[in-house]
Amino acid sequence: MGITYAISPSVQRIRVYSTGIIRASDLRKFLTELLEDPALRPGLRALYDARFAEPDITVLELAEVAGIVARVVARGVSRVAIAAESANTLRVAKTFAALARSIGIDVDVFEELADAEAWLADPGEEGENPEWLLSTA
């Protein structure tokens, strides 16, 4: 039980797996390990697979975790997808996503793992130059 992860530079992914009851202390430990991992580099996208986990975490703790995830994003992780199934896990994941988006993290929650992976594979707006937004008429 707990959280494990693997970084695959060839597909530019961090795959995170959680099982069992997940508490804020588990998330802090995982994020600390990830931040210390020399394989963490710009251009990666993260998939947090929480389909087999149940969170035991408060909203205040979620906000703290979002702050730590912001440090991961600052290291170059551009997008985070969360796959969740149970009603409780979905509720907590959506609350986290709202908190994370409010501090600039590109995150979304999915009920299907395939949808999460497809979203991560979509290039989105990265690399686009939205000069038209800056133009004045």
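Here's a quick rundown of the structure. Keep in mind the model is a prediction, meaning the values are calculated, not measured. (Residues numbered from 1 in each chain as written. Predicted model: local features only at pLDDT ≥ 70, side-chain atom pairs only at ≥ 80, totals over all residues. Heavy atoms only, no water.)

Description of the packing of aromatic side chains
For the structure shown, the criterion picks out two aromatic pairs. When the ring of Tyr 5 is compared with that of Phe 30, the centres are 5.6 Å apart and the planes differ by 65°; the resulting orientation is edge-to-face. Residue Tyr 5 is found in strand β1 (residues 2–8), and its partner Phe 30 is found in helix α1 (residues 24–36); the two are separated by 25 residues along the sequence. For Tyr 5, a relative accessible area of 23% puts it in the partly exposed group. Overall, Phe 30 belongs to the buried group, its relative accessible area being 8%. With 5.6 Å between their ring centres and 45° between their planes, Phe 110 and Trp 119 make a pair best called tilted. The exposure class of Phe 110 is buried, given its relative accessible area of 14%. With a relative accessible area of 16%, Trp 119 lands in the buried category. The ring centre of Trp 119 lies 4.2 Å from the NZ or CZ of Arg 79, which sits over that ring. (Phe/Tyr/Trp six-rings, centres within 6.5 Å; stacked < 30°, edge-to-face > 60°. Helix = DSSP H or I, 4+ residues; strand = E, 2+ residues; numbered from the N terminus. Buried < 20%, exposed > 50% of the residue type's maximum accessible area, 1.4 Å probe, protein only. Lys NZ or Arg CZ within 6 Å of the ring centre and 35° of its normal.)

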